[in-house]
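Letter by letter, the chains look like this.
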Amino acid sequence: MMVDLLSTCARHVAQIAAGLVTVALVVRMLGPESLGAWTVLGTTGFLLGLSDLGLSVVVQRTAARPDDDATRQILRLTVLVVTVVCPCLGAGAYALLLQLPSATEAIRADIARAALPVLAAGWAGSLASPFRSFLLMRGAFTALAWARATAAAIQVGLTVVLLITSRSLFGPAMGVLMGSVAELLLLAVASRRMDPHVDFRPGWPADKARVRDAFREGAGALAMNIGVAAAVRADVFILTTAASLSMVGAYQVASRAVEQILASGKLLSGWLLHRLGNPERRADALRLGTAVMGALVSSGVIALAFDGTALLEAWVGGLAHERVTALAVGLLGMAAIIAASEEVASVTLTVSGATPWDVANPVMLGHALNVAVSVLGVGYAGVWAVAGGTVCGNALIAVMVWRKLGALLQWRFRDVLRTLAPAGAAGLVALAAGWGLAPLAARGPLVSALICSLVTLLGTGTALLLWWRGKASLAASASVPPASVSLR
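None of these values were measured; they are calculated from a predicted model.

Draft legend 1. Structural view of the packing of aromatic side chains. Evaluated as defined, the whole model comprises two aromatic pairs. Note on Trp204 and Phe215: the rings are 6.0 Å apart at their centroids and 35° apart in plane angle, and the pair reads as tilted. One end of the pair, Trp204, is in the loop between helix H7 (170-194) and helix H8 (208-240); the other, Phe215, is in helix H8, with eleven residues separating them in the sequence. Accessibility expressed as a relative area gives 55% for Trp204, which makes it exposed. With relative accessibility at 28%, the residue Phe215 sits in the partly exposed group. One Lys or Arg, Arg113, reaches over the ring of Phe170 and ends 4.3 Å from the middle of that ring.

The following block contains the structure:
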């Protein structure tokens, strides 16, 4: 378990580091407007991940069952679907990028050149997704970590070299492309080592019922992915209709900072994935994952809001002091805390529920609310509406997911509150510590980083202590003989 956890942490750290370094290089060498353009490009590449039509989740669910032949067939089907669908989505995305309303002529020309490698990187990432799902369910965390670390090193190294020579968005775009291709190749090799009979060629299963079931299950995952993409990534496009690219860049700084904290917490869901699918371990894994992820995210976000300005300044310079950045950190941080409270519950429903629609329906409704608030309010409230819509949508998702999971586990309301209590206590401890140490954090980036780490550790330690005590209490209750219970 410790090796799995450390490997998962290493994989996410590599991904986070590559993204943070790329943002810092773009804003310092090309300026805030180019950062806003890079945000739009990155969002477009991310959206190409929808081209698997949700079948990567079907790979996870199939790999969780002892049927290797079915898993191989679903892998080939997913590769076929991505190969056909992704170029079509990419062509449409390229046409939309050329019509960006708030960009100058020079920025548009730069986007037109950089978009091609970014879209190609999205294609490579989409092809890698089913193999990543397969390796994740087979517990190949070390191979995943090495693949991600290698891709991150290639991306950052090539980005630095090309930015120095070209001073355009083409540099980071080529860095992302080469990193994505390298990761795809390494994941393919690792998959072949895990199962020598894995076939990389696109293929359509002969069993029509299997194909029908795969697309039916994938439809739920696709609907959920579309909802997430529309709410989380469409914020950038919505904001460009009412704000300059410089403001979009400032919003991206806050969004990326909060997103990395949330991503660091999400590594727990990957580490616990095969345990959440086991009925005997499900409840314990859910309690542990919710406690740790909720504590990490709530403590980290609170530390960033109170004590992280100097650290942000060292990363992106003057953008850290923009009013938009501070406002977005506060609102998006609140949304991240809500999301962290239900992330492990959503994963549990995904791998253990009767159908992917158990998660897809709440996600679709929540993100539909998010988009509606953002679109209707962006012209009047700007960032308040766009980031506030994320808070509203995440709150609705959390309520609906916990209701469904409570029914699955036959939990009462107090059982859900007991599971969420450690994360709530962590937030209170972090709030007190972060507010008290805020004057010291303004002395420099190193002090800011140390204080943010201390606040996060205090909150997480509190959550782990409460989780351990709760686990001991449950174990003691379970060991009491029935007769003794009746006498009480």
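Draft legend 2. Region of the structure containing the packing of helix H6 (residues 141-166) against H7. In the contact formed by H6 and H7, the axes pass within 7 Å of each other and the chain directions differ by 160°. As judged from the angle between their axes, H6 and H7 are roughly antiparallel. The crossing of H6 and H7 is right-handed. Grouping the constituent residues of the contact of H6 with H7 by class yields 17 nonpolar, seven polar and two charged.

Draft legend 3. Expanded view of the state of the cysteines. Counting across every chain of the model gives zero disulfides. Cysteine Cys86 shares no disulfide, and the gap to the nearest cysteine sulfur, in Cys88, comes to 9.1 Å. Cys86 gets classed as buried once you look at its relative accessible area, which sits at 2%.

Draft legend 4. Looking closely at a nonpolar patch on the surface. Residues Ile154, Met178, Val181 and Leu185 make up a contiguous nonpolar surface patch of about 300 Å² in total accessible area. Examining the composition of the nonpolar patch, we find that three residues originate from one element, H7, more than from any other. Its place among the elements puts Met178 in helix H7.

Draft legend 5. Summary view of the layout of surface pockets. What the largest pocket holds in volume is close to 680 Å³. Lining the largest pocket are 22 residues, with Ala257, Gln260, Ile261, Ser264 and Leu311 sitting closest to its centre. Listing elements by their share of the lining of the largest pocket, those giving two or more residues are helix H1 (2-29), helix H9 (245-271), helix H11 (282-307), helix H12 (309-316) and helix H17 (445-479). Top element by residues in the lining of the largest pocket is H17. It accounts for seven residues. The residue makeup of the lining of the largest pocket, split by class, is 15 nonpolar, seven polar and no charged.

Draft legend 6. How the structure looks around the side chain of Thr22. Take Thr22: it is sitting in helix H1. One polar contact links Thr22 to Gln155, side chain to side chain, over a distance of 3.2 Å. Beyond its immediate sequence surroundings of up to four residues, Thr22 is in contact with Trp38, Gln155 and Pro172.

Draft legend 7. Examining the pattern of salt bridges more closely. Per the stated rule, a full pass over the model turns up eleven salt bridges. For Arg72, the salt bridge goes to Asp195, with nearest N and O atoms at 2.8 Å. Linking Arg72 in helix H4 (residues 68-97) with Asp195 in the loop between H7 and H8, this pair joins segments that are 123 residues apart in sequence. Asp195 carries the same exposure label as Arg72, and that label is buried. As a salt-bridge pair, Glu183 and Arg132 come within 3.5 Å of each other at their nearest N and O atoms. On the criterion of sequence distance, the pair formed by Glu183 in helix H7 and Arg132 in helix H5 (residues 105-137) is long-range, its members being 51 residues apart. Residue Arg132 is classed as buried on the basis of its relative accessible area, which comes to 18%. Three or more residues are tied together by salt bridges with common partners; here these are Arg76, Asp199 and Arg201.

Draft legend 8. Just unusual backbone geometry, in detail. Look at Leu53: it is not a glycine, yet its phi comes out positive at around 55°. Notably, Arg167 is not glycine yet its phi reads approximately 50°, a positive angle. When you line up the elements, Arg167 lands in the loop between H6 and H7.

Draft legend 9. Here's a closer look at H4. Look at H4: 42 Å from first C-alpha to last across 30 residues, which is about the 44 Å you get at 1.5 Å a residue. Within H4, the axis deviates most sharply at Val85, by approximately 25°, and proline Pro87 lies no more than four positions further along.

Draft legend 10. How the structure looks around the environment of Asn370. By secondary structure assignment, the location of Asn370 is in helix H14 (residues 357-381). Between the C-alpha atom of Asn370 and that of Thr390, which follows or precedes it by 20 residues, the distance is 5.2 Å.

Draft legend 11. Expanded view of the environment of Thr22. Here Thr22 falls in the buried class, since its relative accessible area comes to 4%. Taking the C-alpha atoms as reference points, Thr22 and Val176, 154 residues apart in sequence, are found 9.5 Å from one another. At 2.8 Å, the side chain of Thr22 and the backbone oxygen of Ala18 are in polar contact.

Draft legend 12. Summary view of the packing of H11 against helix H15 (residues 383-409). H15 packs onto H11 with a crossing angle of 150° between their chain directions and a minimal axis gap of 12 Å. With respect to H15, the axis of H11 lies roughly antiparallel. Viewed along their axes, H11 and H15 form a crossing whose handedness is left-handed. Between H11, through Arg282, Leu286 and Thr290, and H15, the contact on the second element is made entirely by Trp402, Leu405 and Leu409. When grouped by side-chain class, the residues that make up the contact of H11 with H15 number four nonpolar, one polar and one charged.

Draft legend 13. Region of interest: the environment of Ala432. Relative to the elements of secondary structure, Ala432 occurs in helix H16 (residues 413-441). Separated by 23 residues in sequence, Ala432 and Val455 have C-alpha atoms that sit 9.1 Å apart.

Draft legend 14. Geometry of the nonpolar core. Judged by nonpolar contacts, the single largest core of 73 residues is most densely connected at Leu41 and Tyr251. Among the elements that make up this core, the one with the highest residue count is helix H13 (residues 323-352) (twelve residues). Not counting the four nearest positions on each side in its chain, Leu41 is found in contact with Leu97, Ile111, Ala114, Ala115, Val118 and Leu169. Core analysis: the second largest hydrophobic core is formed by 31 residues, Val59, Ile74, Phe131 and Leu136 among them.

Parameters and conventions
Residues numbered from 1 in each chain as written. Predicted model: local features only at pLDDT ≥ 70, side-chain atom pairs only at ≥ 80, totals over all residues. Heavy atoms only, no water. Phe/Tyr/Trp six-rings, centres within 6.5 Å; stacked < 30°, edge-to-face > 60°. Helix = DSSP H or I, 4+ residues; strand = E, 2+ residues; numbered from the N terminus. Buried < 20%, exposed > 50% of the residue type's maximum accessible area, 1.4 Å probe, protein only. Lys NZ or Arg CZ within 6 Å of the ring centre and 35° of its normal. Axes fitted to C-alpha atoms, helices over the stretch in contact; angles between N-to-C directions. Parallel < 35°, antiparallel > 145°, perpendicular 65-115°, else oblique. Left-handed = near helix turned anticlockwise from the far one by under 90°. Nonpolar A, V, L, I, M, F, W, Y, C, P; charged D, E, K, R; others polar. Disulfide = S-S within 2.5 Å. Patch = residues over 30% accessible without salt bridge, like charges linked within 9 Å, V, L, I, M, F, W, Y side chains within 5 Å. Areas by Shrake-Rupley, 256 points an atom, 1.4 Å probe, with all protein chains shown as cover. Salt bridge = Lys/Arg side-chain N within 4 Å of Asp/Glu carboxyl O. 1 Å grid on protein atoms, 1.4 Å probe; cavity = no way out; pocket = protein on both sides within 12 Å on 5 of 7 lines; lining within 4 Å. Points joined across faces, edges and corners; volume = space filled by probe spheres on them. Polar contact = N/O pair within 3.5 Å; in protein donor to acceptor, adjacent residues only side chain to side chain. Contact = heavy atoms within 4.5 Å. Expected span 1.5 Å × (residues − 1). Bend = angle between axes of the 7 residues up to and from the residue. Core = buried A, V, L, I, M, F, W, Y, C linked by side-chain atoms within 4.5 Å.

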